[in-house]
Amino acid sequence: MNILRKKDEILAALGNIRAIEKLHVDTHTEEKIKNISGIKIAESKQGQFWLDFQELNGFLFMNSTILSHLNLKTSRGTKITLLTKDYEIEIDSDEKEIDSDFSNVSNTWITKVSFIIDIKEREIIENRNFEEIEYQFKKEKLRFLVKK
């Protein structure tokens, strides 16, 4: 692998964009990953689910941060489902355009998504009265087990 790295270094010195991107160490995104605001509410082998709450103009927002090894970028919006033994609560994302940032240092994608929720949903989430969070995007699903 050392030969390939040397090749990339030579190509980068000559101005090859792909080689420059391969060699770039992304400290900005890595810093975001290390300093996530809120609390980690759920995790699995697929990643971690962090959240905090915010109130703006009478609307209650749940701001989530998802760390994963998958790119969760989509232009159709996402939704989460809170799964319990008795019922499911589906919550659609506030925005349709979801973007992920990649850190080549930890090989992790960080995705920020906000959801509009009501007081009852906030109480359920804060009290962790559910077992799993299912994050749905495109045709894929990530499942996270709640930390109690």
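Located above this text is the structure these notes cover.
What you see is a predicted model; the values in this text were computed from it and never measured.

Asker: What's the story with the sheet that holds strand E8 (residues 132-137) in this structure? I'm lost.
Answerer: Backbone hydrogen bonds are what pair the strands of a sheet, in a parallel or an antiparallel way. Pairing is antiparallel in the open sheet, where nine strands are placed in the order E5-E4-E8-E9-E1-E2-E3-E7-E6. Among the strands making up the open sheet, the edge pair consists of strand E5 (88-92) and strand E6 (100-103). On average, adjacent strands in this sheet sit at an angle of 25 degrees to one another, irrespective of strand direction. Where strand E4 (residues 78-83) lies against E5, five bridges are found, and the strand directions are antiparallel. The residue of E5 that forms the bridge with Lys79 is Asp92.

Asker: Which parts of the structure should I look at to understand the nonpolar core?
Answerer: In a soluble, globular protein the nonpolar side chains are often hidden away together inside. With 25 residues, the main nonpolar core has Phe49, Ile80, Ile133 and Tyr135 as its most contacted residues. If you look at the next biggest cluster of nonpolar residues, it comprises five residues, including Ile33, Ile36, Trp50 and Leu67.

Asker: Quick question: what am I supposed to make of helix H4 (residues 119-127) here?
Answerer: Each α-helix turn comprises 3.6 residues. Residues three or four places apart therefore point the same way. When we look at burial in H4, the residues that qualify are Glu121, Ile124 and Ile125. Down the axis of H4, the buried side of the element spans an arc of 95 degrees, and every buried residue falls inside it. Of the exposed residues in H4, those oriented more than 90 degrees away from the buried face are Ile119, Lys120 and Asn127. Buried residues belonging to H4 abut strand E1 (39-44), strand E2 (47-56), strand E3 (59-68), E4, E5 and strand E7 (108-117). Capping the start of H4, Asp118 holds a side-chain oxygen 3.2 Å from the backbone nitrogen of Lys120, two or three residues further along.

Asker: Honestly, the side chain of Glu121 in this entry has me stumped. Any pointers?
Answerer: Mapped onto the elements, Glu121 comes out in helix H4. The charged side chain of Glu121 is buried without a salt bridge, its nearest counter-charge being Lys120 at 8.7 Å. Sequence-distant contacts of Glu121, that is, excluding residues within four places in its chain, are made with Ile89, Ile91 and Ile116.

Rules used throughout
- Residues numbered from 1 in each chain as written.
- Predicted model: local features only at pLDDT ≥ 70, side-chain atom pairs only at ≥ 80, totals over all residues.
- Heavy atoms only, no water.
- Pairing = 2+ DSSP bridges.
- Helix = DSSP H or I, 4+ residues; strand = E, 2+ residues; numbered from the N terminus.
- Axes fitted to C-alpha atoms, helices over the stretch in contact; angles between N-to-C directions.
- Core = buried A, V, L, I, M, F, W, Y, C linked by side-chain atoms within 4.5 Å.
- Buried < 20%, exposed > 50% of the residue type's maximum accessible area, 1.4 Å probe, protein only.
- Arc of directions from axis to C-beta.
- Contact = heavy atoms within 4.5 Å.
- Polar contact = N/O pair within 3.5 Å; in protein donor to acceptor, adjacent residues only side chain to side chain.
- Lys, Arg positive; Asp, Glu negative; His and termini not counted.
- Salt bridge = Lys/Arg side-chain N within 4 Å of Asp/Glu carboxyl O.

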